[in-house]
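Remarks on the overall topology
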Amino acid sequence: MRYISTRGEAPALSFDDVLLAGLAPDGGLYVPDAVPVIDGKTWDAWRGLSYPGLAAAVMRPFVGGALPDAEIAAIAAEAYRGFDHRAVAPLKQIDTDLWIMELFHGPTLAFKDMAMQVLGRLFDSVLTKRSRRVTIVGATSGDTGSAAIEACRDREAVDVFILHPHERVSEVQRRQMTTVTSSNVFNIAIKGTFDDCQDLLKAMFADVAFRDRVSLGAVNSINWARVMAQVVYYVWAALRLGAPDRAVGFSVPTGNFGNIFAGYVAKAMGLPIEQLIVGSNRNDILTRFFASGAMEMTEVVPTISPSMDIQISSNFERLLFDMLGRDGAAVRATMNRFRQSGRFEVAEMVLARSRATFSALSLDDDATRAAIRAEYRATGEVLDPHSAIGVAAARARAKTPGVPVVALATAHPAKFGQAVAEATGVTPKLPARLADLMERPERVTILPNDLKTVQDYVLARARAAGGRA
Ligand SMILES: *Cc1c(COP(=O)(O)O)cnc(C)c1O
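Residues numbered from 1 in each chain as written. Predicted model: local features only at pLDDT ≥ 70, side-chain atom pairs only at ≥ 80, totals over all residues. Heavy atoms only, no water.

Points about the pairing of strand 14 (residues 405-409)
Burial analysis of strand 14 places five of its five residues in the buried class, the great majority of the element. Side chains Val405, Ala407 and Ala409 project from strand 14 onto one buried face, and the interleaved Val406 and Leu408 project onto a second face that is buried too. Strand direction decides the pairing type here: strand 4 (residues 98-102) and strand 14, joined by five bridges, are parallel. Its bridge partner lying in strand 14, Leu98 is registered against Val405. As judged from the three bridges shared by strand 9 (residues 248-253) and strand 14, these two strands associate in the parallel manner. In the strand pairing of strand 14, Gly249 is matched with Val405. (Buried < 20%, exposed > 50% of the residue type's maximum accessible area, 1.4 Å probe, protein only. Helix = DSSP H or I, 4+ residues; strand = E, 2+ residues; numbered from the N terminus. Pairing = 2+ DSSP bridges.)

Right, here's the structure in full:
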């Protein structure tokens, strides 16, 4: 299996190189040169596997020999061992044709653990073979930082530095990061906004000398390995609901388009996925795109589903690559147009083709609270705001009676407890293992919004650069 860039100007790489590279040098995202198509006998054989067993089977063709099969199996087994639910990703029926799949039973209570727990172990495995270390630097406004920290803590080949805006993340979110006191984890509170954190991160990646010295790596959602690990739960749910003999749909609360794109890959592998429904909050750039064919940037508005407060859905470029006939030059031109003018459009026929699979719905905060309340009353399910958007979108957009739709529940309700309490009158409880989160000691360094100061801090501590030697 080789991976090519969506912008057509970077050399093809193997899986392990793509894992370490993150973004392609031409600015594109890596995608498989051909998605493996699975035959009927194999689907049948996969139906009886446990979640970790299925994860290994689904990932194997994408890893394409870059790691031995036994190692992939061991990584999958370990990645999900710490999950709170024996099924890892339990399915619950909440209406005649409607199911939810709970993806929040991992260490940080959001679906990002599903892939990040695999990613951290893949890094360790590939780097140890090469006798190399990396320094992961990330910026977070919430869920990604804690998932990355939990995935990288105590890993021999990885140091992780996470920037968050000082006093601008919720207390639960901050404590999920700062109470991890492993020696390879560094929490940095920047005196500034989330955008300042992202600008610092971009500047560090643009500084080639610094990047090489610390061997900088990325764990954001453009990393192909995260998409790959997310394909697994689409296969898991579809097989359990009767695929490949029976069609199924998915509804996905969407921000960066990484989660739902994994569903698109599962369809390309041969699963009868009839529809993929995009749920958004007021940051509705994708809903507008699927309505009009025009991708048009506007201001980001803060909502009660903050993990989807995004204007540019970076993984959308992977779908665009297919929409434009896998023509890297066309993607490059389109993305340049988008960067310069904040807008691009696709042809009517291209839009029609994508609409055969995708539909979308956007809910504002009032509608989201109403959805949380309505589902609680009708089904007894306490949904977090992101998950509620997925369920509401599923109800509104489900295409064919009798075809089950699975709405992905992406966060535990306690992670967004205040919004849930406002909507239902019920304050959801944190799982027992996090019950003392508010009492645990924190470790965090507050730094000014200054590139040199942050770089010096990283250089002095990153083992890849000889820090802490
Ligand atoms: C990250 C996140 C999303 C959005 O997922 P994308 O892959 O960015 O589309 C949705 N819900 C929750 C709870 C998240 O943390």
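Still to come is the rest of the account.
Focus on the pairing of strand 5 (residues 134-139)
The buried fraction of strand 5 amounts to six of the six residues, a majority that puts the element mostly inside the structure. Side chains Val134, Ile136 and Gly138 project from strand 5 onto one buried face, and the interleaved Thr135, Val137 and Ala139 project onto a second face that is buried too. Read from strand 5 through helix 6 (residues 143-152) to strand 6 (residues 158-165), the crossover connection turns out right-handed. Two elements, strand 5 and strand 8 (residues 216-217), share two bridges in a ladder whose sense is parallel. Looking across to strand 8, one finds that Ile136 is bridged to Gly217. (Right-handed = clockwise from strand over helix to strand, strands pointing away.)

Brief notes about the environment of Gly417
As for its placement among the helices and strands, Gly417 is situated in helix 18 (residues 417-424). With 222 residues separating them along the chain, Gly417 and Asp195 place their C-alpha atoms 25 Å apart.

Observations regarding the site of the ligand
Looking at the ligand, there are 15 residues lining it, with Lys112, Asp143, Gly255, Asn256 and Thr410 nearest. A distance of 2.9 Å separates a nitrogen atom of the ligand from a polar atom in the side chain of Thr410. Its free accessible area being 390 Å², the ligand has 97% of it covered by the protein chains. Considering only residue class, the shell around the ligand consists of five nonpolar, eight polar and two charged. (Near = heavy atom within 4 Å. Polar contact = N/O pair within 3.5 Å; in protein donor to acceptor, adjacent residues only side chain to side chain. Areas by Shrake-Rupley, 256 points an atom, 1.4 Å probe, with all protein chains shown as cover. Nonpolar A, V, L, I, M, F, W, Y, C, P; charged D, E, K, R; others polar.)

Quick word on unusual backbone geometry
Residues Ala243 and Pro244 are joined by a peptide bond in cis, for which omega reads 5°. Looking at the secondary structure, you find Pro244 in the loop between helix 10 (224-240) and strand 9. Phi at Ser131 is positive, roughly 50°, even though this residue is not glycine. Its place among the elements puts Ser131 in the loop between helix 5 (112-129) and strand 5. Within the chain, Arg326 stands out as a residue other than glycine whose phi angle is a positive 55°. Relative to the elements of secondary structure, Arg326 occurs in the loop between helix 13 (316-323) and helix 14 (328-341). Overall, the relative accessible area of 34% leaves Arg326 in the partly exposed class.

Concerning empty space enclosed by the protein
This model, assessed by the stated rule, comprises one cavity of 30 Å³ or more. Estimates place the volume of the largest cavity at around 30 Å³. Lining the largest cavity are Thr254, Gly255, Ser280, Asn283, Ile285, Leu286, Met308, Ile310 and Ser313. Split by residue class, the lining of the largest cavity holds four nonpolar, five polar and no charged. (1 Å grid on protein atoms, 1.4 Å probe; cavity = no way out; pocket = protein on both sides within 12 Å on 5 of 7 lines; lining within 4 Å. Points joined across faces, edges and corners; volume = space filled by probe spheres on them.)

Re the sheet that holds strand 9
Backbone-to-backbone hydrogen bonds pair the strands of a sheet. The strands run either parallel or antiparallel. In spatial order, the strands read 3-4-14-9-10-13; together these six strands make up an open sheet with mixed pairing. What marks the edges here is a single partner per strand, and that holds for strand 3 (91-95) and strand 13 (358-362). For this sheet, the mean angle separating the axes of adjacent strands, direction not counted, is 25°. Here helix 10 sits on the sheet in contact with strand 3, strand 4, strand 9 and strand 14, set at roughly 140° to strand 9. (Axes fitted to C-alpha atoms, helices over the stretch in contact; angles between N-to-C directions. Contact = heavy atoms within 4.5 Å.)

A look at the sheet that holds strand 8
Strand order in the open sheet made by the five strands is 8-5-6-7-15, with parallel pairing throughout. Every other strand in the sheet has two partners, leaving strand 8 and strand 15 (445-448) as the edge strands with one partner each. Where strand 5 meets strand 6, six bridges bridge the pair, whose relative direction is parallel. Bridge assignment links Ala139 to a residue of strand 6, and that residue is Leu163. Where helix 7 (residues 171-178) meets the sheet, its contacts fall on strand 6 and strand 7 (185-191), and the angle it forms with strand 6 comes to roughly 160°.

Remarks on the side chain of Arg226
The residue Arg226 is located in helix 10 in this model. As a buried residue without a salt bridge, Arg226 has its nearest oppositely charged side chain in Asp113, at a separation of 9.1 Å. Residues in contact with Arg226, not counting those within four places in the same chain, are Lys112, Ala115, Met116, Leu119, Thr144, Val219, Asn220 and Ser221. (Lys, Arg positive; Asp, Glu negative; His and termini not counted. Salt bridge = Lys/Arg side-chain N within 4 Å of Asp/Glu carboxyl O.)

Re helix 14
For helix 14, with 14 residues, the first-to-last C-alpha span of 20 Å sits near the 20 Å given by 1.5 Å per residue. Of all the positions in helix 14, only Gly328, Val331, Thr334, Met335 and Phe338 are classed as buried. Considered in projection along helix 14, the buried side chains sweep an arc of 125° and stay on one side of the axis. Those residues of helix 14 that are exposed and aimed more than 90 degrees away from the buried face are Gln340 and Ser341. In this structure, the buried side of helix 14 is in contact with helix 12 (285-292), strand 11 (294-296), helix 13 and strand 12 (343-345). Backbone geometry just downstream of helix 14 places Gly342 in the positive-phi region, at approximately 70°. (Expected span 1.5 Å × (residues − 1). Arc of directions from axis to C-beta.)

Considering the layout of surface pockets
Approximately 330 Å³ is the volume found for the second largest pocket. In this structure, the second largest pocket is lined by 19 residues; those nearest its centre are Pro107, Gln117, Glu150, Arg153 and Arg433. Only helix 4 (69-79) and helix 5 provide two or more residues apiece to the lining of the second largest pocket. Class assignment of the residues belonging to the lining of the second largest pocket gives a composition of six nonpolar, five polar and eight charged.

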